[in-house]
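# Structural description and commentary
So the chains spell out like this:
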Amino acid sequence: MSDVKYTLSEGTLTLPEAVQDRSMTILSLPKAGASLVLTRAWDVKPGDEEAYLKSQVAKIKRDMKKFTGGEVQATQVGGRPAQEVALRFENHGVTVHEQLATTMLDDHLLVMAMSRTALFDEDALALWESIKAGLEFMPGEGA
């Protein structure tokens, strides 16, 4: 077998075999007063994306106070079809505004959530759109 390169922000790992990334990536965007969380759902089958997104929204609604959520809408992430929903909820007394998007890749669902304690104003929405548009997928992800 040939070695596989896995890139981290700290550098590149050389691994003896292919791996399945089950990580959660949390990125701080201090200028925007936001955080971006990327997770992977390996158990979602093609065609089940909207059901998954609705189940995630239902969990947030159940677990958080003062929940409000918009309708699931079609969007794009990295030029790929995606679904998105805007949410607002209270967590430990703090109001959180969140944009949540999902897109199906070859073998898993990529979930992106951008959260702020301030409303998504024009600048924050423009940043969210640029993040979604700027994602470049690796070869082999059905691009």
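Look up: the structure comes first, before these words.
All values derive from a computational prediction rather than experimental measurement.

With that settled, consider the overall build of the chain. Tallying secondary structure elements over the chain gives two helices and nine strands in all. Listed by position from the N terminus, the elements making up the chain come as β-β-β-β-α-β-β-β-β-β-α. In terms of its C-alpha atoms, the chain occupies a principal-axis envelope of roughly 55 × 35 × 30 Å. Counting across all 143 residues of the chain, residues that qualify as buried make up 36%. Contacts spanning at least 24 positions in sequence make up 39% of the contacts within the chain whose residues lie at least 6 apart. By element, 54% of the accessible surface of the chain is carried by carbon and sulfur atoms, the whole surface being about 9200 Å².

Right, let's get into unusual backbone geometry. Backbone geometry at lysine 66 places phi at a positive 50 degrees, although glycine is not the residue there. For lysine 66, the position within the fold is in strand β5 (residues 65-69). Even without being a glycine, histidine 92 presents a positive backbone phi close to 55 degrees. Inspection of the secondary structure assignment puts histidine 92 in the loop between β7 (80-91) and β8 (94-104).

With 13 residues, helix α2 (residues 122-134) ought to run about 18 Å at 1.5 Å a step, and its terminal C-alpha atoms sit 18 Å apart, in line with that. For α2, every residue scored as buried is listed here: Ala124, Trp128, Ile131 and Lys132. Projection of α2 onto a plane perpendicular to its axis shows the buried side chains occupying an angular sector of 95 degrees, all on one side. The exposed set on the far side of α2, more than 90 degrees from its buried face, consists of Glu122, Asp123 and Ala133. Those residues of α2 hidden inside the fold are in contact with β3 (25-29), β4 (34-41), β6 (73-77), β7, β8 and β9 (109-116).

Quick look at the pattern of salt bridges now. For the structure on display, the rule yields six salt bridges. Here lysine 66 ties to glutamate 90 by a salt bridge, and the two come within 3.5 Å at their closest N and O atoms. Of this pair, lysine 66 sits in strand β5 while glutamate 90 is found in strand β7, placing the two residues 24 residues apart along the sequence. On the basis of relative accessible area, glutamate 90 is assigned to the buried category, the value being 17%.

Thresholds applied
Residues numbered from 1 in each chain as written. Predicted model: local features only at pLDDT ≥ 70, side-chain atom pairs only at ≥ 80, totals over all residues. Heavy atoms only, no water. Helix = DSSP H or I, 4+ residues; strand = E, 2+ residues; numbered from the N terminus. Buried < 20%, exposed > 50% of the residue type's maximum accessible area, 1.4 Å probe, protein only. Contact = heavy atoms within 4.5 Å. Areas by Shrake-Rupley, 256 points an atom, 1.4 Å probe, with all protein chains shown as cover. Expected span 1.5 Å × (residues − 1). Arc of directions from axis to C-beta. Salt bridge = Lys/Arg side-chain N within 4 Å of Asp/Glu carboxyl O.

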